[in-house]
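Letter by letter, the chains look like this.
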Amino acid sequence: MRRVLPLCLALLAPGSAAQAPGLTPVLGLVREPGRGAEVRRVLAGAPRGVQVGLLVRDLTTGAELEAREADLSLIPASTVKLVTALSVLLDRGGAGGWWSTELTVPAAEVGRARVSHLTLRGGADPTLGVADGPNSLRALARQAHARGVREVGEVRLDEHTLDAATWNGLVLGVPMTPVRLSDWHAAPPTSAGEARRRAGAALIRELRRAGVRVSSERVGTAPPFIPFLPPSRVDERGRRLPPDPFVPVARRPEQGVASVRSPSPTGVLAATLRPSDNLRSEELLATLAARPRGNGTLPGALARERSALRQGGVDLTGVHLADGSGLSRENRLTARALVDLLRAAHDLPYPTSPPRAELPAQTYRGRRNALAEALPQAGTGENVPEHDGRGGTLARRLVGSGLDVRAKTGTLPGVSALAGYVTGASGHTLAFAVLMNGPGDAPILTLRALQDEVVRAVAAAH
């Protein structure tokens, strides 16, 4: 019969920098004390004043293998990006999803060579480009020309899908706008007005390049897209009749003349998670806010994230979300919430081509798990500052260990975290999360080394 022994942890001294609001110490447990001895030994080396939350779960058996303060609410730093990534995957319907962008014209002008205005409408697709590939303004312009559009009075942007002002408080300091171009990543616009001007000017250039004359350089704003709802009808006895199928031209919403869609979100997830790209992460969060699915605001996007986590069976006790990147120190996660999230991502049915009937473990081992493949992979030895390969922020960690570790790092002053997957000695996939919060001068390299030792110990023991 297994015994469960309480592990008494030293509480932080009063006034420690890590005792932020919401960091309430709770009693932690280590299951299977014999196996957990090495993990306890490693964590005993944590610097004074550092709080640790740890949980390890076997995703094959569901067993909880190691736990220490797993429900302690801690600052997670960039492991928040795991929340953003899973929420986007669920929102898009998995790895086979996409975002779309279109050009519309007034219904009364459909089929005409000259239109009064052309409106760019989109769902904040972070992969939309100016000229590269099929998901670009150039592709939209060429489609409009192929549909017979030869002259445009004015280009407009629909800015009602996102309320950029609600992102003004981000630590990142960059507004989120309904139309974002991937070409801007190195030099993002500093205001919604600048974004409108730059996107409109780029579209005008591409329309002219495609052979469409644009009369005005002005970039206008469009009213929101509102579908026409025909009025109810009744007969002479007051009985309800079907709506009149004829919609007056003046009441019809604008009609599309061009449309593009993004590739699978897996590419942008990898470009976000591997180098821990803060801007891309906030852009991904903004897609959750975009109307009509969202309400256009940052609080609305964060609420949709919580809903996605709840849908995935994540325990939300002690969870508070403030942004998509983890730059805010107001974020709070627990080791349990992160492991729940990793379990949900592991068990998702990821569509493949051709379709496969396989269990989640087969998908993971076959490297077809969208979230796991977007994560940094430990020990690849790549040049980390260039972020040009699979290793990302884990490239120089656990080098030579022989372990298959795919995980997200997190770093802020006094904060270090690591959460992801490792294949154990049993051959099973283990989900783990290690959150460490301490004073602002806590030695981050020491904390990372301890996390790596924990991963080695866990993989060897299980």
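Since this is a predicted model, take the numbers as computed values, not measurements. Each chain carries its own residue numbering, running from 1 in the written order of its sequence. The predicted nature of this model means local features are confined to residues of pLDDT at least 70 and side-chain atom pairs, given and counted, to a pLDDT of 80 or more, with totals for whole chains, interfaces and linings taken over all residues. Hydrogens are left out, water is left out, and the side-chain values use all remaining heavy atoms of the structure.

Draft legend 1. Quick peek at the pairing of strand E5 (residues 100-105). At least two DSSP bridges between two strands are required for those strands to pair. Working definition: helices are DSSP H or I runs of at least four residues, strands are E runs of at least two. Numbering for both runs from the N terminus. Bridge count for E5 against strand E12 (residues 255-261) is six bridges, and the pairing is antiparallel. Looking at E12, one finds that Leu103 is bridged to Ala258. The sheet contact formed by E5 and strand E6 (residues 114-122) spans four bridges and is antiparallel. The residue bridging Leu103 from the neighbouring strand is Leu120, located in E6.

Draft legend 2. Summary view of the side chain of Arg336. By secondary structure assignment, the location of Arg336 is in helix H8 (residues 335-347). Within polar-contact distance, the side chain of Arg336 engages the side chain of Asp71 at 2.6 Å. What makes two residues a contact is simply this: any of their non-hydrogen atoms within 4.5 Å. Sequence-distant contacts of Arg336, defined by excluding residues within four places in its chain, comprise Leu55, Arg57, Glu64, Ala70, Asp71 and Asp315. Under the rule applied, a polar contact is a pair of N or O atoms within 3.5 Å (in protein, one hydrogen donor and one hydrogen acceptor; residues adjacent in sequence only if both atoms are side-chain atoms).

Draft legend 3. View of unusual backbone geometry. For the bond running from Arg291 to Pro292, omega is 10°, close enough to zero to count as cis. Structurally, Pro292 is set in the loop between helix H6 (278-289) and helix H7 (298-311). Positive phi values are uncommon outside glycine, yet Arg367 reaches one of about 60°. For Leu398, which is not glycine, the phi dihedral falls at a positive 60°. Note that Leu398 resides in the loop between helix H10 (370-374) and strand E13 (405-412). The exposure class assigned to Leu398 is buried, which follows from its relative accessible area of 5%. Burial status follows relative accessibility: with a 1.4 Å probe on protein chains alone, a residue under 20% of its type maximum counts as buried, one over 50% as exposed, and anything between as partly exposed.

Draft legend 4. Focus on the pattern of salt bridges. Whenever a carboxyl oxygen of Asp or Glu lies within 4 Å of a side-chain nitrogen of Lys or Arg, that contact is scored as a salt bridge. Under the criterion given, the structure shown has 28 salt bridges. Across the salt bridge formed by Glu159 and Arg196, the nearest N and O atoms sit 2.9 Å from each other. Placement of the pair is Glu159 in the loop between strand E7 (151-157) and helix H4 (192-209) and Arg196 in helix H4, with a sequence separation of 37 residues. Classification of Arg196 by relative accessible area gives partly exposed; the value is 23%. Across the pair Glu358 and Arg368 runs a salt bridge, and its minimum N-O distance is 2.8 Å.

Draft legend 5. Local environment of the environment of Ala271. Residue position: Ala271 is located in helix H5 (residues 266-273). Separated by 105 residues in the primary sequence, Ala271 and Pro376 place their C-alpha atoms 10.0 Å from one another. Excluding residues that lie within four positions of it along the chain, Ala271 makes contacts with Asp277 and Arg280.

Draft legend 6. Structural context of the environment of Leu170. Examined against the element boundaries, Leu170 turns out to sit in the loop between E7 and H4. According to the relative accessible area criterion, Leu170 is buried, its value standing at 7%. Not counting the four nearest positions on each side in its chain, Leu170 is found in contact with Glu282, Leu298 and Asp323.

Draft legend 7. Local environment of the packing of aromatic side chains. Two rings belonging to Phe, Tyr or Trp (six-membered ring only in the last case) form a pair when the distance between their centres is within 6.5 Å. Interplanar angles under 30 degrees mark stacking, angles over 60 mark edge-to-face geometry, and anything in between is tilted. Under the definition given, this model contains one aromatic pair. When the NZ atom of lysine or the CZ atom of arginine is within 6 Å of a ring's centre and also within 35 degrees of its normal, the charge is said to sit over that ring. Sitting over the ring of Trp98, Arg261 keeps its end group 3.8 Å from the ring centre.

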